[in-house]
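# A structural walkthrough
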Amino acid sequence: MSNKEFRERIREELEEIKKLGLYRKLRTVKGLNFSSNDYLALSSHPRVVKALSYSLAGATGSRLTSGNVNHEILEEEIAKFKNFPTSLIYPSGYQANLGLISSLCKKGDLILSDELNHASIIDGCRLSKADKIIYKHNDINSLYEILEKNHKNYKNIFIVTDSVFSMDGDIANLKEIKKIADEFSSVLIVDDAHATGVLGDRGRGSFEYFKIRPSDNTIVVVTFSKALGCQGGAVCCIEEVREYLINTSRAFIYSTALSPALVNAVLESLKIIKETDIVKRLKDKVEEANKILLRYKLIEERREVPIFPIILGELTMKVSEELIKNNIFCVGIRYPTVPKGKERIRVSITLNHKKEDIELLAKKMKESILKFSS
Ligand SMILES: Cc1ncc(COP(=O)(O)O)c(C=O)c1O
């Protein structure tokens, strides 16, 4: 293929993406930001920002070479925060899911994955040589039936689910899923990306919320990039799993360790969560948003977490563009991130929002929906 042919091919494929209405472009946030996962507003907290300067900017190598700096201090803290024996840090939440699932689930094993799981879980499943079956979203009967039919054919079975689904803001029925995992002697992997700092009275995540005690067959993935306001991820697990991942997980072994400066920042975020009432304040903010969005009939039911999907189908991108023009940054979410016909504006609420901001968002969104649907 000549240089010209190569460029032509890329252009044609981009045209195809545009024709399908799926073209993505980068934007810089302007105005009120309702698309951020910084639920506790920790990314700009003075103590977190200051903590960034306490250590090296770069880790200088993989954890197994020169990159093991202050990471074990954070691993101990994260494990305590989540009530697990230990944890292992990855440079991102994406890598944590990918690295965990692709190395732990092997040929001859079975993975059962919720149909709305995050892309990092899906990609981890794709890399794994285990068999995979997708169960209906948060559907306990679907999960049970699949297990009853298949469990005798496999030595190891892994059930994988988000705890809070990132695009819908609903919560997996973990109490029942854990019971099923125990009944079928399988391992339960829970992605607590949007639950950490959010769910449970102390913000410890889904296990605190459901009062589930971690056991040998439970693994929880944490991301530092949402409510903790930083970057990176961790797998909370038993010692044997940590040791196994250090020895086999390619996303861990072959990537430079998380920046030590960020490790310090995450440690500070955890301290703030433990020392202050920010988790409670976020819950109050979510209640405030519920009242406003229900009053404007933008949502039909109360939400427990700061994620509010406003499902607008084909109006989504028009409404989103109009809001962005009006300095309300609220991006539209399309296929393949969400199913066709379920395109939406995913409103996320953070402690940076005042009541008037949420009022303004609701008013402008309602006006824009009426304008484009008439
Ligand atoms: C449910 C879920 N899991 C994992 C990730 C990946 O985390 P990170 O952004 O830290 O790579 C995300 C974020 O996009 C997410 O929403």
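As shown above, the structure is provided for reference.
Predicted model, so just to flag it, every value in this text is computed and none were measured.

What counts as what
- Residues numbered from 1 in each chain as written.
- Predicted model: local features only at pLDDT ≥ 70, side-chain atom pairs only at ≥ 80, totals over all residues.
- Heavy atoms only, no water.
- Salt bridge = Lys/Arg side-chain N within 4 Å of Asp/Glu carboxyl O.
- Helix = DSSP H or I, 4+ residues; strand = E, 2+ residues; numbered from the N terminus.
- Buried < 20%, exposed > 50% of the residue type's maximum accessible area, 1.4 Å probe, protein only.
- Pairing = 2+ DSSP bridges.
- Patch = residues over 30% accessible without salt bridge, like charges linked within 9 Å, V, L, I, M, F, W, Y side chains within 5 Å.
- Areas by Shrake-Rupley, 256 points an atom, 1.4 Å probe, with all protein chains shown as cover.
- 1 Å grid on protein atoms, 1.4 Å probe; cavity = no way out; pocket = protein on both sides within 12 Å on 5 of 7 lines; lining within 4 Å.
- Points joined across faces, edges and corners; volume = space filled by probe spheres on them.
- Domains from an automatic or database assignment.

Taken as a whole and assessed by the stated rule, the structure comprises 27 salt bridges. A salt bridge links E72 to R242; the shortest N-O distance between them is 3.9 Å. Of this pair, E72 sits in helix α3 (residues 71-82) while R242 is found in helix α9 (residues 239-248), placing the two residues 170 residues apart along the sequence. A salt bridge links E75 to R242; its shortest N-O distance comes to 2.6 Å. Remark: R242 occurs in helix α9 and E75 occurs in helix α3; sequence separation between them is 167 residues. You'll find E75 and R242 in the same group, each marked buried. Linked by salt bridges that have partners in common, R47, E268, K271 and E275 make up one network.

If you trace the 3 strands from one edge of the open sheet to the other, you get β9-β12-β11, paired in antiparallel fashion. For this open sheet the edge positions go to β9 (307-311) and β11 (332-333), each flanked by a neighbour on one side alone. As paired strands, β11 and strand β12 (residues 344-348) are joined by 2 bridges and run antiparallel to one another. Note that in β12 the partner of G332 across the bridge is I345.

With that settled, the discussion passes to a nonpolar patch on the surface. Taken together, the side chains of M1, F6, I10, L14, I17 and Y23 present a nonpolar region at the surface, about 570 Å² in accessible area. Looking at where Y23 falls in the secondary structure, it is placed in the loop between α1 (3-19) and β1 (32-33).

Here we take up the layout of surface pockets. Reported here for the largest pocket is a volume of approximately 780 Å³. Considering the residues around the largest pocket, the lining is formed by 33 residues, among which H118, A119, S166, M167 and T337 are closest to the centre. Those elements that place two or more of their residues in the lining of the largest pocket are α4 (93-104), α5 (119-127) and β12. A domain split of the lining of the largest pocket shows at least three residues from each of domain 1 (27-42 + 277-373) and domain 2 (57-275). Contributing to the lining of the second largest pocket are 17 residues, with R24, K25, V331, G332 and R334 lying nearest its centre. Mapped by element, the contributors of at least two residues to the lining of the second largest pocket are α13 (316-325) and β11.

Geometric values such as these leave the question of function open.
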